Amino acid sequence: MRRRSLSSAANATLKGRKWDALIIGGGHNGLTAAAYLARGGLSVAVLERRHVIGGAAVTEELVPGFKFSRCSYLQSLLRPSVIKELELPKHGLKLLKRNPSSFTPCLDGRYLLLGPDKGLNHSEISKFSLNDADAYPRYENQLENFCKFMDLVLDSSPPESLQHKSSLNEQLKNKLQNSVFWASCLRQASSLGQKEMVEFMDLLLAPASKVLNNWFETDVLKATLATDAVIGSTASVHTPGSGYVLLHHVMGETGGDRGVWSYVEGGMGSISKAISNAAMEAGAHIVTNSEVSQLLIEDSSTVCGVILADGTKVHSSIVLSNATPYRTFMELVPNDALPDDFVRAIKHSDYSSATTKINVAVDKLPQFECCKLNHPHAGPQHVGTIHIGSESMEEIHSASQDAVNGVPSRRPVIEMTIPSTLDKTISPPGMHVINLFVQYTPYKPLDGDWQDHEYRESFAQKCFKLIDEYAPGFSTSVIGYDMLTPPDLEREIGLTGGNIFHGAMGLDSLFLMRPVKGWSNYKTPLQGLYLCGSGAHPGGGVMGAPGRNAARLVLQDLKKTT
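Residues numbered from 1 in each chain as written. Predicted model: local features only at pLDDT ≥ 70, side-chain atom pairs only at ≥ 80, totals over all residues. Heavy atoms only, no water.

Topic: helix H18 (residues 545–561)
Here H18 spans 25 Å end to end across 17 residues, near enough to the 24 Å set by a 1.5 Å rise per residue. Turning to H18, its buried residues are Ala545, Pro546, Gly547, Arg548, Asn549, Ala550, Ala551, Leu553, Val554 and Asp557. Contacts made by the buried residues of H18 are with helix H2 (28–39), helix H3 (80–85), helix H5 (130–154), strand S16 (319–321) and strand S22 (529–531). (Helix = DSSP H or I, 4+ residues; strand = E, 2+ residues; numbered from the N terminus. Expected span 1.5 Å × (residues − 1). Buried < 20%, exposed > 50% of the residue type's maximum accessible area, 1.4 Å probe, protein only. Contact = heavy atoms within 4.5 Å.)

Written out as structure tokens, the structure is:
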């Protein structure tokens, strides 16, 4: 097909035709859905509210010469099937593996490095505990075995019951498909064995602190691993079910290497750009500065298109929403078009967030006192994720309790990354881009307002001063910064409540219960409307799985009607 170009001239591109499918939002999942639908032969238009595509997977030059991954900042979870099927390397995707992948400095002068090198891990953990050094490979192996079970779930549409009136033939086909899915799960479970399945259930249901205490004795090791369990959530390490998120430590991969997280050359927006290139090559139109204000509904329950903010009507019998469930159903769908019980479930889902992202431009690398390496070039301590204020699980818990009490953490938990150590395309020579992923920051703090410039500045300086404790002089290296608090993430990126996952990832909000019970398979109560964003199964993170799964379901549904 003829390659279509990005455009901000919405009216000229969109008027005067009926599209096979429209996609609300040009985040990475929306773009993924567009690519698969266009490759399936459909005419597709992606409608992006902002001036730039990518949603939370976006690169923006906020300080002259410095290109920031403004929201998401690491890659590992993008499904191998999406990378392979859409030929993303051909479309410009270049992943930069990190080794080592983790560095935790301690105020007592010690530090912990971890990564894909098993020898390094053993020698580093041995500095604290030989028992833990021996246990760590077994811990990673167990998580990897559990992830093999998860792969089936991530790449499949949930085995949902039929939601609309259907023929006997459709009912039988649905039951057969669901039976095949559950049979596959049982085969995978039997291959694990009962002992491992009990361990798996313990991981799913237990607090991360319990899981890690059962494995290890070293505070700094447990704290480093525990950050995976609370990332992007309001949870404490003691919250039941937080153990499940420990799987993210090994759930993803880079280039076939399980559990290896990478930077993306050019920033996270390069993922969205590669996917959009694949979509446009297949014939999709991607239109920026085109905010959808309302869905068009006919016969009270069938979608027939959208209305843009400028009043333009764009027609299609299929609409996929990459917006959050709340934005989709509470703000874009006309009143009284949805069942009351469905509206209640969407309205009362958990969209809370305690996450702030600070993007920093610096004129030199931070020099960590514990490393005693005082030279300007990047060392192993700069390459991976640097854990600040995470020397024990109790520190993380204490930070979370501050937010529970309505105030930002007195000692925030900070994940620092410096992608410019490996990516030379995003900062001027000798200078660096630093991402600070900060927790915990309430949406509405009781001691101030995020709209107050002085309040915002004081919190940013609190984070910089905490880093100073580990890397003296960091604050003086800051040239400029951009800060996104939960209300900013909601306003700028469209994340309801500032929740980076489009909704909480607790066990009550996953799989057959995402976004709500009875509607886990991307379909909605409105005929022709589908969800394709992180608010649908399997959830948040730069996976592409919701977009791929939703698009494949749409193509299957179209085959049934032809």
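Section: empty space enclosed by the protein
Empty space among the atoms becomes apparent when a probe as large as a water molecule is rolled across them. Evaluated as defined, the whole model comprises three cavities of 30 Å³ or more. Its boundaries defined by the atoms lining it, the largest cavity holds a volume of some 60 Å³. Residue lining of the largest cavity: Lys67, Ser69, Tyr73, Tyr263, Val264, Gly267, Met268, Pro419, Asp423, Ile426 and Val433, and that is the complete set. At the level of secondary structure, the elements contributing two or more residues to the lining of the largest cavity comprise strand S5 (66–69) and strand S11 (262–264). Its volume calculated, the second largest cavity comes out at about 50 Å³. (1 Å grid on protein atoms, 1.4 Å probe; cavity = no way out; pocket = protein on both sides within 12 Å on 5 of 7 lines; lining within 4 Å. Points joined across faces, edges and corners; volume = space filled by probe spheres on them.)

Focus on the layout of surface pockets
Counted as a void, the second largest pocket has a volume near 1,100 Å³. Considering the residues around the second largest pocket, the lining is formed by 43 residues, among which Lys523, Leu553, Gln556, Asp557 and Lys560 are closest to the centre. Elements represented by at least two residues in the lining of the second largest pocket include exactly helix H6 (168–192), strand S14 (302–308), S22 and H18. Class assignment for the residues of the lining of the second largest pocket results in 14 nonpolar, 20 polar and nine charged. (Nonpolar A, V, L, I, M, F, W, Y, C, P; charged D, E, K, R; others polar.)

With respect to the pattern of salt bridges
Side-chain pairs of opposite charge can arise whenever the charged atoms involved come near each other. Tallied over the full model, the rule gives 22 salt bridges. Between Asp108 and Arg110 there is a salt bridge whose closest N-O contact spans 3.1 Å. A relative accessible area of 51% places Asp108 in the exposed class. Overall, Arg110 belongs to the partly exposed group, its relative accessible area being 42%. Two residues, Asp557 and Lys523, come together in a salt bridge whose shortest N-O distance is 3.6 Å. (Salt bridge = Lys/Arg side-chain N within 4 Å of Asp/Glu carboxyl O.)

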